[in-house]
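The residues making up each chain are set out below.
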Amino acid sequence: MKKKIQLLDCTLRDGAYIVDSHFGEASIRGIISRMREANVDIIELGWLKDSAYIEGTTFYHEPSDVMPYLPAGEKHCTYAVMIDWDRYDAVSMPEYDGRSIEAVRVVFPRGKFREGIAVGRIIKEKGYQVYFQAADTLGYTEQELMELAYEVSSVHPVSLSIVDTFGAMYEEDLKRIAAVLDRHMDSDIKLGFHSHNNQQLSFSLSMQFVKLFRESEREIIVDASLCGMGRGAGNAPTELVSSFLNRRCMGNYDLDIILDAIDTYMGYFKEHYEWGYSTPYLIAGMYCAHVNNIAYLQDSHRADAKDMRNIIESLPEADRKKYDYDLLEEKYLEYRDQYVYDEDSLKILSMKLAGRPLLLLMPGRSILNQKDQIHDFIKKFHPAVIGVNAVCEEYDYDYLFFSSCVRYSYAKEAYPQKYSLCPKIIPSNITTKPQEDEILVNYHQLIKRGWEHFDNAGIMCLRLLNRLKVKEVALAGFDGFADAHSESYADESLPRINPGKKWEALNEEIRDIFLDFRQAAQGEMHISFLTKSRYDTM
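As the structure is a computational prediction, the values presented were derived from the model and not from experiment.

Draft legend 1. How the structure looks around the packing of helix α7 (residues 202-212) against helix α8 (residues 238-248). Taken N-terminus to C-terminus, the directions of α7 and α8 make an angle of 30 degrees; their axes are 10 Å apart at the nearest point. By the angle between their directions, the pair α7 and α8 is classed as roughly parallel. The crossing of α7 and α8 is right-handed. Facing Phe203, Met207, Val210 and Lys211 of α7, the residues of α8 in contact are Leu240, Val241, Phe244 and Leu245. When the residues that make up the contact of α7 with α8 are grouped by side-chain class, the tally is seven nonpolar, no polar and one charged.

Draft legend 2. Looking closely at unusual backbone geometry. With phi around 60 degrees, Gln200 is a residue other than glycine that occupies positive phi space. Tracing the backbone through its elements, the reader meets Gln200 in the loop between β8 (190-194) and α7. If you check the backbone angles, Met250 has positive phi at about 60 degrees while not being a glycine. Mapping Met250 onto the fold places it in the loop between α8 and α9 (255-272).

Draft legend 3. Summary view of the nonpolar core. Leu45, Ile123, Leu148 and Ile162 are the most contacted members of the largest nonpolar core, which has 92 residues in total. Per-element tally for this core: the top contributor is α9, with seven residues. With sequence-adjacent residues up to four places away left out, Ile123 is seen in contact with Ile83, Ala90, Met93, Val104, Val106, Tyr128 and Val130. Within the second largest apolar cluster, 71 residues are counted, among which are Val391, Phe402, Tyr489 and Ala521.

Draft legend 4. Inspection of the pairing of strand β15 (residues 472-476) at higher detail. With four of five residues buried, β15 lies mostly within the body of the structure. Note that strand β10 (residues 358-361) and β15 share four bridges and pair parallel. Bridge assignment links Leu358 to a residue of β15, and that residue is Val473. Where β15 meets strand β16 (residues 526-529), four bridges bridge the pair, whose relative direction is parallel. In the strand pairing of β16, Val473 is matched with Ile527.

Draft legend 5. Region of the structure containing the pattern of salt bridges. Scanning the entire structure with this criterion turns up 28 salt bridges. A salt bridge links Lys3 to Asp41; the shortest N-O distance between them is 2.9 Å. Of this pair, Lys3 sits in the segment before β1 (5-9) while Asp41 sits in the loop between α3 (25-37) and β2 (42-48); the two residues are 38 residues apart in sequence, bridging distant segments of the chain. A salt bridge links Glu44 to Arg13; the shortest N-O distance between them is 3.0 Å.

Draft legend 6. View of helix α12 (residues 305-314). Every buried residue of α12 is listed here: Asp307, Met308, Ile311 and Ile312. The arc that holds every buried residue of α12, seen down its axis, measures 125 degrees, which confines them to one face. Buried positions along α12 lie against α10 (279-286), α11 (291-301), α13 (317-320) and α14 (325-335).

Draft legend 7. Spotlight on helix α15 (residues 343-353). Residues of α15 that are buried include every one of Ser345, Leu346, Leu349 and Leu353, and no others. Axial view of α15: buried residues confined to an arc of 95 degrees, hence all on one face. The outward face of α15, more than 90 degrees from its buried face, is lined by the exposed residues Lys347 and Met351. On its buried side, α15 packs onto β10, β11 (384-388), β12 (399-401), β13 (424-427), β14 (438-441) and α20 (457-467). After α15 finishes, the residue Gly355 shows a positive phi value of roughly 75 degrees.

Draft legend 8. Main features of the sheet that holds β15. Ordered in space as β14-β13-β12-β11-β10-β15-β16, the seven strands form an open sheet in which the pairing is parallel. Of all the strands in the sheet, just β14 and β16 have a single pairing partner and so form its edges. Averaged over all neighbouring strand pairs, the angle between strand axes comes to 25 degrees, with direction disregarded. Alignment of β12 against β13, held across two bridges, turns out to be parallel. Paired with Phe401 across the bridge in β13 is Ile425. Docked against the sheet, helix α22 (residues 503-520) engages β15 and β16, running at close to 140 degrees with respect to β16.

Criteria and thresholds
Residues numbered from 1 in each chain as written. Predicted model: local features only at pLDDT ≥ 70, side-chain atom pairs only at ≥ 80, totals over all residues. Heavy atoms only, no water. Axes fitted to C-alpha atoms, helices over the stretch in contact; angles between N-to-C directions. Helix = DSSP H or I, 4+ residues; strand = E, 2+ residues; numbered from the N terminus. Parallel < 35°, antiparallel > 145°, perpendicular 65-115°, else oblique. Left-handed = near helix turned anticlockwise from the far one by under 90°. Contact = heavy atoms within 4.5 Å. Nonpolar A, V, L, I, M, F, W, Y, C, P; charged D, E, K, R; others polar. Core = buried A, V, L, I, M, F, W, Y, C linked by side-chain atoms within 4.5 Å. Buried < 20%, exposed > 50% of the residue type's maximum accessible area, 1.4 Å probe, protein only. Pairing = 2+ DSSP bridges. Salt bridge = Lys/Arg side-chain N within 4 Å of Asp/Glu carboxyl O. Arc of directions from axis to C-beta.

Coordinates in, geometry out; function isn't part of it.
As structure tokens, then:
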């Protein structure tokens, strides 16, 4: 008896984006073995690529490269790999020998489905099962979906999958697409669904897909991955989909073994890498935008969510689905063209700060732990006190300096009294129209690119003071990052603006930026530390 609903686990393939395919031999072998023991129907082992194979990765060159990872003995599952239609030489692919993989999934973009299907025909002639993946299926018109169905039927593969590439589908989109393909594609070709979780709908849509075909003769395949591991917002979690199929569709997946696989193999990846729903990936889903655009804006410009949304929205619809970094840079600069004339602001600040020592109170936890020492310094030297990117109730300020819209808004809402008592120094990345108690300065004069976290608030403020020719600056709370967000800041609720968990790498980078500034300002500014800092190199 044929199985009507099949579960495909794509952890080793879609998760390869997260770890650059470097799962390690033990994890590759273990995940395959556990998925097989758990009765998962199709296990996607990774990609075929036109490059030499590296052990411990899931980017294989030939099907035989997977052999060392396959458990011995009788199996009741299908081993599959994926190829990009134009990035693998299918003509040179070895004939199927019955010893490693049985199936090849061919993925192709909208507008290239005929070319992708032609590649699948070559692979089928070599003896492999062929599964097609129609990327960006949401972008197809109804006429294109009909043409896709007819072209697929002419090759007669095992399956064709609907792919929610940008995580942009809603229930009605899935129903419409599935109905057209079901109506026009040969009935004995399976229909699959591969979701992305940009809008927190991946699991919900997977369940909806199953329900659409519960009374149909059409066999279906549902993609999932352990812990939803996959590029960007990730996929529907294997553990959720298998549980649903067991409870509602007479599935026979061993959930204990699946959970054991997560405990044994996924902990390291969850600790060291990030994937899954996030606000930036929501934006990608909202606008059907390629996740590489989001990554570029995060990595190259540290753009916040609001800025990302506006920049992605400014792209033509067709360009959102690509990742043209030159165009994206052009749109970013257009959006961020915030050069302002700030000479009058500098004159005001120079007059106010002339002849006074400066104390920068940064957000680190030491401004609480060593507050007596800091207050003694203030009583003795009467410095101008500038709060940097945060407010602490323990201190009075002459000025507040903000480099982040998020921290600026938080301070205003969380500490309204302290916030209102002193003027604010605001770079032009936050606003170009300052309020009455705000002093506007040019953002571009306070940063130096070349590092991922080039816009560290403390160093930006130091650059401003250097422009003002301030000679003496004491630092407190420039602690560096501890192993947890709550251990790094005086205010544990302070919104984080440094994503990720690579704290030591972040400390090293900020140390390097600080050293670069210190060398540039040598002879012009004397900097001392009132509190212990990971960046104190003297």
